[in-house]
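# What the coordinates show
Spelled out from the first residue to the last, the chains are:
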Amino acid sequence: MTRSMRQSTLESLGLGSVLSMFEKGASAADPKALVDEVFGPAGGRGALVISGANGIVGAGKTMQFASRLEPYGVPVVALDLPSAPDGIGKQYKGLARSFGRERADQIMDSVVRMTYDGKSVPGRLKDHRPRFLLEAIPEILDLKKAHYSIFRAAFPQIEIRSVTSGFPRKELGVGIAHPAFPHEINKVFEIVEPEPSAITKLLWALGLIPIPVSDNWSFVLDVLFCGITHAAVRYHEHSNMPYWKIDKLVRRMAGPNPFRAHDAIGAAGANFLTWSCLHHLGLAYGDLFKPTAEMEYAKETGSDWYPPNHFRPLVNWTMSAAEQDEFEAMILGPILQMAALMVHEGRSQFSGLNIIGELCAQFRKGALALARARGAAGVLEIVKRYHALHPAAAKSHWHPEVFERIGTPEWQQLYVNAEHNGIVGVVTIGRERYNADVDRELNRAIDWLKAEKIDRVIVTGDFHFSTQMVGADTSEFYDGLKDAGKGKRIPLEWSKTARRLSTEFRTSVGFVGGKRALGGCLELIEHCHYLVAVSGSELGMPEVTLPVIPGMEGCHWPFRKARHEDWPKILKLLVEGKPVKAENAVGWLCDFAGPMDEALAAAYRAASKDGALARRTLDEGAMKGVTSALGDMPRAEDPAVDSARKAILDAVAAGTGVPLAEALELQSKVSADFMAGPLCNKGAIGKEYKKTMTV
């Protein structure tokens with residue numbers, strides 16, 4: 001019997017627990033079997049039809065699905081009006097850039113373009129035996145319903161999903177698969193259906209990210225994104241602050257640039273969609289969402305909020321403390337009230353509701369993570385200030401009682417979950433970038449497993465929200481850019497957490513099941529006794545490119561587990577910043593690499609049975625001559641890169657030159673001192689800090 005801290009997000013898709021994948025040595029879903037179920041057997045596959053295929057959404061999804069379904073012989077029929085601009089053709093350059101020209105041509109060859117009059121399906125469509133319609137036509141309810149009618153009349157058994165950004169299933173009469181922008185690369189789909197379908201499971205098996213949500217207006221993404229846009233417009237009407245300035249302040253506070261995003265998508269269409277969502281939300285929930293006069297005007301004119309080369313004053317003014325408090329109340333107040341509404345309605349699992357804001361709406365932290373950081377009392381206080389400025393919202397579905405649940409495991413473990421079967425535990429991390437929230441949740445997960453008497457553990461991504469592990473969230477380093485004391489806290493605390501994986505379990509296995517494990521995420525799982533990875537996944541330490549000194553013991557821990565003759569490989573990884581394929585790192589960075597099912601089985605064997613894999617020993621003493629193993633390093637074209645390489649090599653020499661017991665404090669200080677220095681401040685992190693925080 002499996003016990004868990006909270007329900008696995010995979011279970012919401014009908015795919016079972018993550019632990020069951022390791023126990024069975026098999027992925028939770030077989031893409032070929034699901035393709036057979038949805039589109040028919042090989043040699044007689046029916047087609048996926050995407051209607052409105054030349055629009056922004058339709059063209060992006062045509063490329064995304066065609067690239068994944070072409071290997072299975074599924075044709076994609078791209079259907080649109082004869083007068084529609086060639087949106088699909090515009091996607092070709094991006095396709096060739098991602099896959100190469102030859103592969104891009106193969107993908108395009110699987111796309112069958114057709115036009116129709118909007119009133120009946122093309123006669124030749126039946127030759128392709130349509131099995132699944134993804135509808136991406138304009139957001140006009142009657143038009144959509146008529147569209148479904150003509151398809152059902154022609155193909156009674158066809159499955160239909162709408163990409164609508166606002167209309168619920170009960171209005172449309174079909175299931176929802178609402179995708180996030182940018183449509184050709186964002187993998188998230190908000191799914192509305194009674195039970196997890198074969199289509200939803202197929203999306204997951206193809207590497208996409210379906211997230212079940214409830215059947216309410218505008219789902220989760222557009223409540224948050226349209227909501228923060230609405231709040232920003234309302235603040236403009238209140239203060240007369242220009243839109244570009246509000247954008248910068250919203251980005252500093254929460255992450256998104258709502259006005260710039262509308263302009264980038266295409267203001268004419270994006271303004272209408274935002275207005276439509278807010279209009280229907282306003283009818284359902286009241287003044288919290290009701291579009292303002294400025295939003296009505298933007299919908300009618302379709303004009304940009306501000307052009308990219310617009311005039312900005314040379315003197316950039318700052319707000320007073322009182323003005324900052326007012327801005328915070330008017331932006332975060334409605335977002336937290338909207339989050340409370342969605343929790344009250346049960347729109348999604350807490351982890352899903354939270355991550356949608358991050359993966360899709362560009363929130364630095366999801367709405368529930370924001371609420372958790374402030375605590376229930378802090379949330380009530382800021383919403384109270386918002387209501388003082390906008391009294392009508394207080395009467396618009398305010399549910400403060402939901403914050404009584406802020407201490408529950410579902411709310412406390414938004415990113416990290418733990419499961420066990422009485423013998424082996426699995427810790428899953430459902431965020432691609434490691435941050436302080438993940439660190440705290442990981443510690444709680446370890447504590448829970450130890451309280452459950454589990455001393456064998458596998459640490460992995462969650463196979464759902466985190467399709468890769470890309471390293472530390474660099475926004476966590478902002479405080480350390482100016483203050484080495486604050487900068488030291490992160491590598492010190494995070495490394496202490498990582499060490500628990502080595503010292504507090506009899507056996508620990510780090511598992512890389514996605515595309516890559518880089519930087520801080522790789523450093524974290526390198527602390528496990530074993531590292532198992534799927535063939536083709538990339539392992540890397542790209543810190544030199546930022547530049548920053550690896551802070552979670554990457555400058556000494558890997559060397560302590562490697563043979564002397566393998567030290568040059570690790571040094572090269574650090575100073576060049578280029579990743580290595582897992583299968584090429586076996587023996588010095590990785591302990592096993594193989595296809596997914598073999599890797600899952602190997603990880604479980606290593607965790608559950610002593611000696612199933614040879615364990616690399618950890619040298620806890622002072623080590624000599626590590627950096628000299630590199631030899632002469634070719635000079636880089638950029639002097640800053642040479643300086644960063646030297647700093648990393650100095651950190652390696654320092655960290656490996658002392659016993660393990662002394663290395664933790666030393667490497668944290670070295671990392672923090674570099675972070676506060678000129679190289680880091682002039683690099684990618686420093687530039688992003690100035691762009692984001694210095695408003």
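For the structure itself, look to the data block above.
The following paragraphs examine the structure supplied in this document. (Residues numbered from 1 in each chain as written. Predicted model: local features only at pLDDT ≥ 70, side-chain atom pairs only at ≥ 80, totals over all residues. Heavy atoms only, no water.)

In terms of regular secondary structure, the protein chain is built from 27 helices and 20 strands. Here the C-alpha radius of gyration of the protein chain, 26 Å, is about what a compact globule of 695 residues would show, namely 26 Å. For the protein chain, the spread of C-alpha atoms along the three principal axes comes to 75 × 70 × 55 Å. Taking contacts inside the protein chain between residues at least 6 apart in sequence as the whole, the part at least 24 apart equals 76%. Summed over its atoms, the accessible surface of the protein chain is roughly 27,100 Å², and 53% of this surface lies on carbon and sulfur atoms. (Helix = DSSP H or I, 4+ residues; strand = E, 2+ residues; numbered from the N terminus. Rg over C-alpha atoms; globule rule 2.2 N^0.38 Å. Contact = heavy atoms within 4.5 Å. Areas by Shrake-Rupley, 256 points an atom, 1.4 Å probe, with all protein chains shown as cover.)

Once that is clear, we can look at the environment of Arg113. Examined against the element boundaries, Arg113 turns out to sit in strand 4 (residues 111-115). Given a relative accessible area of 39%, Arg113 falls into the partly exposed group. Through-space distance from the C-alpha of Arg113 to that of Val76 is 8.4 Å; in sequence the pair is 37 residues apart. If sequence neighbours within four positions are ignored, Arg113 has contacts with Ala78, Asp86, Ile88, Gly89, Met108 and Arg124. Among the polar contacts made by the side chain of Arg113, one reaches the side chain of Asp86 at a distance of 2.7 Å. (Buried < 20%, exposed > 50% of the residue type's maximum accessible area, 1.4 Å probe, protein only. Polar contact = N/O pair within 3.5 Å; in protein donor to acceptor, adjacent residues only side chain to side chain.)

The strand order across the open sheet built from seven strands is 1-10-11-13-15-17-20, with neighbouring strands paired in mixed fashion. Sheet topology places strand 1 (3-4) and strand 20 (592-594) at the edges, where each strand pairs with a single neighbour. Sheet analysis places strand 1 next to strand 10 (residues 416-420), joined by two bridges and oriented antiparallel. Across the sheet, residue Arg3 finds its bridge partner in strand 10, namely His420. Those strands touched by helix 23 (residues 596-608) are strand 13 (456-461), strand 15 (507-512), strand 17 (530-534) and strand 20, and its axis lies near 165° from that of strand 15. (Pairing = 2+ DSSP bridges. Axes fitted to C-alpha atoms, helices over the stretch in contact; angles between N-to-C directions.)

Next up on the list: the layout of surface pockets. Estimates place the volume of the second largest pocket at around 770 Å³. Those elements that place two or more of their residues in the lining of the second largest pocket are helix 10 (243-253), helix 14 (321-345) and helix 16 (367-389). For the lining of the second largest pocket, the leading source of residues is helix 14, giving five residues. Considering only residue class, the lining of the second largest pocket consists of eleven nonpolar, three polar and eleven charged. (1 Å grid on protein atoms, 1.4 Å probe; cavity = no way out; pocket = protein on both sides within 12 Å on 5 of 7 lines; lining within 4 Å. Points joined across faces, edges and corners; volume = space filled by probe spheres on them. Nonpolar A, V, L, I, M, F, W, Y, C, P; charged D, E, K, R; others polar.)

Bringing the pairing of strand 9 (residues 209-212) into the picture now. Of the strand pairs in this sheet, strand 8 (residues 188-192) and strand 9 are connected by four bridges, and their pairing is parallel. Directly across from Glu190, in strand 9, lies its bridge partner Ile211. Handedness of the β-α-β unit built from strand 8, helix 8 (residues 198-205) and strand 9 comes out right-handed. (Right-handed = clockwise from strand over helix to strand, strands pointing away.)

Counted according to the given criterion, the structure contains five cavities of 30 Å³ or more. When its volume is computed, the largest cavity comes out at roughly 70 Å³. Around the largest cavity, the lining is made up of 14 residues, and of these Arg6, Thr9, Asn417, Thr428 and Asp462 lie nearest the centre. For the lining of the largest cavity, the elements supplying multiple residues, two or more each, are strand 10 and strand 11 (425-429).

The next thing to look at is the pairing of strand 10. Of all five residues in strand 10, five are buried; the element is thus mostly enclosed. What you see with strand 10 is no split at all: Val416, Ala418 and His420 on one side and Asn417 and Glu419 on the other are buried throughout. In the sheet, strand 10 pairs with strand 11 via five bridges, with the strands oriented antiparallel. Looking across to strand 11, one finds that Ala418 is bridged to Val427. Hairpin connection from strand 10 to strand 11: four residues lie between these consecutive antiparallel strands, with Gly422 at a positive phi of about 95°.

In this section: the environment of Tyr604. In this fold, Tyr604 is placed in helix 23. For the pair formed by Tyr604 and Pro196, sequence separation is 408 residues and the distance between their alpha carbons is 28 Å. For Tyr604, the residues in contact, after removing those within four places along its chain, are Leu19, Phe22, Glu23, Asn421, Val424 and Ile458.

One open sheet accounts for three strands, arranged 16-18-19; its pairing is mixed. Of all the strands in the sheet, the pair left with one neighbour each is strand 16 (516-518) and strand 19 (580-581). Contacting strand 16 and strand 18 (538-540), helix 20 (residues 519-526) runs over the sheet at an angle of about 90° to strand 16.

Now for the packing of aromatic side chains. The description of an aromatic ring pair rests on the distance of the ring centres and on the angle between the ring planes. Per the stated rule, a full pass over the model turns up 17 aromatic pairs. The interplanar angle of 75° and the centroid separation of 5.0 Å between the aromatic rings of Tyr434 and Trp494 together place this pair among those described as edge-to-face. Here Tyr434 is found in strand 12 (residues 433-434), whereas its partner Trp494 is found in helix 19 (residues 484-503), with 60 residues between them in sequence. Assigned by exposure class, Tyr434 and Trp494 land together as buried. Clustering of aromatic rings is evident, with ring pairs tying together Phe350, Trp398, Phe403 and Trp411. The positively charged end of Lys299 is found above the aromatic ring belonging to Trp275, 4.2 Å away from the centroid. (Phe/Tyr/Trp six-rings, centres within 6.5 Å; stacked < 30°, edge-to-face > 60°. Lys NZ or Arg CZ within 6 Å of the ring centre and 35° of its normal.)

To continue, consider the side chain of Asp222. With respect to the element layout, Asp222 can be found in helix 9 (residues 221-239). For the buried residue Asp222, which engages in no salt bridge, the nearest side chain bearing the opposite charge is Arg347, 9.1 Å off. Here His178 takes part through its side chain, which lies 3.3 Å from a polar atom of the side chain of Asp222. Those residues in contact with Asp222, other than ones at most four positions away along the chain, are Ser165, His178, Gly227 and Cys277. (Lys, Arg positive; Asp, Glu negative; His and termini not counted. Salt bridge = Lys/Arg side-chain N within 4 Å of Asp/Glu carboxyl O.)

Moving on, we come to the pattern of salt bridges. Evaluated as defined, the whole model comprises 39 salt bridges. Here Lys488 makes a salt bridge to Glu665, at a shortest N to O gap of 2.1 Å. With a gap of 177 residues between them, Lys488 in helix 19 and Glu665 in helix 25 (residues 660-675) connect regions that are remote in the sequence. Given the relative accessible area of 22%, Lys488 is considered partly exposed. Each of the salt bridges in this network shares a partner with another, and the network as a whole consists of Lys365, Arg372, Asp437, Arg440 and Glu441.

Pairs of packed helices are described in terms of their axes, by the angle between the two and the distance that separates them. Running from N to C, helix 9 and helix 14 cross one another at 150°; their axes reach a closest spacing of 10 Å. With respect to each other, helix 9 and helix 14 are oriented roughly antiparallel. The crossing of helix 9 and helix 14 is right-handed. Mapping the contact onto sequence places Val223, Leu224, Gly227, Ile228, Ala231, Ala232, Arg234, Tyr235 and His238 in helix 9 and Glu323, Glu326, Phe327, Met330, Ile331, Pro334, Ile335, Met338 and Met342 in helix 14. Along the lines of polarity and charge, the residues of the contact of helix 9 with helix 14 split into 13 nonpolar, two polar and three charged. (Parallel < 35°, antiparallel > 145°, perpendicular 65-115°, else oblique. Left-handed = near helix turned anticlockwise from the far one by under 90°.)

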